[in-house]
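Structure at a glance
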Amino acid sequence: EAPAKTTASPRPQDYLVVDGCNFLGCAAGYSLGDEESRDRLLFRLQEYSMAHPAHRITLFFDGKRASRRVTAGITEQVTSGNRPADDVIIDFLTELPAQDRPRAVLVTDDRLLGERARRLGVRTESVAWLNDRLQPPRRNHPEVRSQGVSRGEVNEWEQFFSQPPQRPGNRKG
């Protein structure tokens, strides 16, 4: 008798949904309506995605022409202007299977949007929560001193480099 085939169920994914205009308008160091800020947010989310490959990240923006693109694993969706991004975000969250909604996080400081998402069973987090996670890592190397090289170290190096090394067969005298 042949053994029964078992198929591994796909690994559940976490969904990170970002209210892009709200993020740019609320996060320190970003500015709503600034293309450079928008690009920097997309770049930081790409870095985050590489560190968290199981997360599906979708970034929503209000716009005038609807568009959707995937860049380095980040889905960026711009609304047509006929409906606010908040409604499109709620549609997206509603379309998630009910069992996946607790694995979704909506990042927004918009109180009403957050309430609507929580009624669907989606967790919400603040813009500051995500912004903290998107900051480049701080390098703390105890062996690196911020004061630079001491005067004694400079003297030691000057002495070392001002005198040729003593090698066998290369002695003067």
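What comes next is a walk through the structure. Just so you know, the residues in each chain are numbered from 1, in the order the chain's sequence is written. Only residues with pLDDT of at least 70 are given local features in this predicted model, and only at 80 or more are side-chain atom pairs given and counted; all residues enter the totals for whole chains, interfaces and linings. Each side-chain value is worked out from all heavy atoms of the structure, with water and hydrogens disregarded.

1. Topic: the pairing of strand 5 (residues 104-107)
Think of it in three bands: residues with accessible area under 20% of the maximum for their type are buried, residues over 50% are exposed, and the middle band is partly exposed, with areas taken using a 1.4 Å probe on protein chains only. Secondary structure elements follow DSSP: runs of H or I of four or more residues count as helices, runs of E of two or more count as strands, with numbering from the N terminus. Covered by surrounding structure in strand 5 are A104 and L106 together with V105 and V107, the residues of both alternating faces. With 4 bridges connecting them, strand 1 (residues 14-19) and strand 5 associate as parallel partners. Bridging across to strand 5, L16 finds its partner in V105. In terms of strand pairing, strand 5 meets strand 6 (residues 123-125) through 3 bridges, oriented parallel. Following the sheet pairing, V105 is matched in strand 6 by R123. Here is how to tell: hold the view so the strands point away, follow the path from the first strand over the helix to the second, and if it runs clockwise the crossover is right-handed. A crossover connection joins strand 5 to the parallel strand 6 through helix 4 (residues 111-119); in handedness this β-α-β unit is right-handed. Any two strands are treated as partners once DSSP identifies two or more bridges connecting them.

2. Some details on the nonpolar core
For soluble globular proteins, the rule of thumb is that nonpolar side chains tend to be buried together. To define a nonpolar core, start from buried Ala, Val, Leu, Ile, Met, Phe, Trp, Tyr and Cys residues and group those joined through side-chain atoms within 4.5 Å. Ranked by internal contacts, the top residues of the largest apolar core, which has 22 residues, are L16, F23, L41, L45, L59 and L130. Of all the secondary-structure elements, those providing two or more residues to this core are strand 1, helix 1 (20-26), helix 2 (35-51), strand 2 (55-61), strand 4 (74-78), strand 5 and helix 5 (127-134). Contact definition: two residues touch when any of their heavy atoms are within 4.5 Å. Setting aside residues no more than four positions away along its own chain, F23 makes contact with V18, Y30, L41, V127, L130, N131 and L134. Counting 14 residues, the second-largest nonpolar core is a separate cluster that includes Y15, A104, L106 and V122.

3. A closer look at the environment of C26
Here C26 shows up in helix 1. In the structure, C26 is positioned 101 residues away from V127 in sequence and 6.8 Å away in space, judged by C-alpha atoms. Sequence-distant contacts of C26, that is, excluding residues within four places in its chain, are made with D109 and V127.

4. Details of the sheet that holds strand 3 (residues 67-71)
Pairing is mixed in the open sheet, where 6 strands are placed in the order 3-4-2-1-5-6. The open sheet has two edge strands, strand 3 and strand 6, and neither has a second partner. Each neighbouring strand pair of the sheet contributes to a mean axis angle of 20°, computed without reference to strand direction. With 5 bridges joining them, strand 3 and strand 4 adopt antiparallel strand pairing. Pairing of V70 across the sheet is with T75, part of strand 4. Helix 2 contacts strand 1, strand 2, strand 3 and strand 4 of the sheet and is inclined by roughly 170° relative to strand 2. Convention adopted: a line fitted to C-alpha atoms gives each axis, helices being fitted over their contacting stretch, and angles between N-to-C directions are expressed from 0 to 180 degrees.

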